[in-house]
Amino acid sequence: MSIKYWEFEDAPLKEKLKNANVRDVAKIFFDNETEAYRFAALLLGVKKLKKFRLKDVPETIPVATAKRYLDYAVQLGMLSHEGTAYELTDRFSKPLRNIAAYIKAWMESQSEDDLSVLFPNARTDKQGKRGGRTLHETNGPDGI
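In this text the structure is predicted, and so the values were computed from the model without any measurement.

S.K.: Sorry, what's going on with the packing of helix H3 (residues 33-49) against helix H4 (residues 63-76) here?
M.R.: The geometry of a pair of packed helices is captured by two quantities: the angle between their axes and the separation between those axes. One way to put it is that H3 packs onto H4 with a least axis distance of 10 Å and a crossing angle of 75 degrees. Taken together, the axis directions place H3 and H4 in an arrangement best described as roughly perpendicular. On H4, the residues that touch Glu35, Arg38, Phe39, Leu42 and Val46 of H3 are Thr65, Ala66, Tyr69, Leu70, Tyr72, Ala73 and Leu76. Broken down by class, the residue content of the contact of H3 with H4 amounts to 9 nonpolar, 1 polar and 2 charged.

Structure follows, in structure tokens:
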């Protein structure tokens, strides 16, 4: 996900809202141009047809890929999948506001967080070397 937060602050957002387009929506979730294009094409199809089925997928996008992207949009809360059709929905705007409120409350709180209690199963030791050159290989044939 590549959310550029400054684009969604008050002043830039007001300008962007005047000309909202699917490219900006797709670029939030995908950095890769091809992935963003496919996601945008599918979202446009859903918007245009209201009830979008896998048989409606454009020929330029493989059906398995389309299903993966559409299911991702369902996970995000942009689409709902009822029966065999995908539809636009808005399940993510309120939770995102709640997440922002929670983060702000954490930033303003004075409590100390103990990471060893919050993450008891996390590995905290330094990770060992997995490959690459060993120490004597980097010194060269002279051992220097």
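S.K.: How should I be thinking about the confidence of the model for the chain in this particular structure?
M.R.: Regions with low pLDDT carry predicted coordinates that are not meant to be interpreted in detail. Of the residues in the chain, 85% reach a pLDDT of 70 or more, and the chain-wide mean stands at 82. Mean pLDDT across the secondary structure elements of the chain bottoms out at helix H7 (residues 135-138), with 64, and peaks at strand S2 (residues 85-88), with 95.

S.K.: Can you help me understand the environment of Arg23 in this one?
M.R.: In this fold, Arg23 is placed in helix H2 (residues 22-29). Judged by its relative accessible area of 47%, Arg23 is partly exposed. With 18 residues separating them along the chain, Arg23 and Ala41 place their C-alpha atoms 9.5 Å apart.

S.K.: Whenever I open this one, the side chain of Ser80 confuses me. Can you help?
M.R.: Topologically, Ser80 is positioned in strand S1 (residues 79-82). When its relative accessible area of 11% is taken as the criterion, Ser80 is described as buried. Residue contacts for Ser80: discarding those within four places in its chain leaves Val74, Ala85, Tyr86, Glu87, Thr89 and Arg91.

S.K.: Is there a simple way to think about the pattern of salt bridges in this case?
M.R.: For the structure on display, the rule yields 3 salt bridges. Across the pair Glu33 and Lys27 runs a salt bridge, and its minimum N-O distance is 3.3 Å.

S.K.: Could you clarify how one ought to interpret unusual backbone geometry in this entry?
M.R.: The phi angle of most residues is negative, glycine excepted, and most peptide bonds adopt the trans form. Even without being a glycine, Lys50 presents a positive backbone phi close to 70 degrees. Among the structural elements, Lys50 can be located in the loop between H3 and H4.

What counts and what doesn't
- Residues numbered from 1 in each chain as written.
- Predicted model: local features only at pLDDT ≥ 70, side-chain atom pairs only at ≥ 80, totals over all residues.
- Heavy atoms only, no water.
- Axes fitted to C-alpha atoms, helices over the stretch in contact; angles between N-to-C directions.
- Helix = DSSP H or I, 4+ residues; strand = E, 2+ residues; numbered from the N terminus.
- Parallel < 35°, antiparallel > 145°, perpendicular 65-115°, else oblique.
- Contact = heavy atoms within 4.5 Å.
- Nonpolar A, V, L, I, M, F, W, Y, C, P; charged D, E, K, R; others polar.
- pLDDT = per-residue confidence, 0-100.
- Buried < 20%, exposed > 50% of the residue type's maximum accessible area, 1.4 Å probe, protein only.
- Salt bridge = Lys/Arg side-chain N within 4 Å of Asp/Glu carboxyl O.

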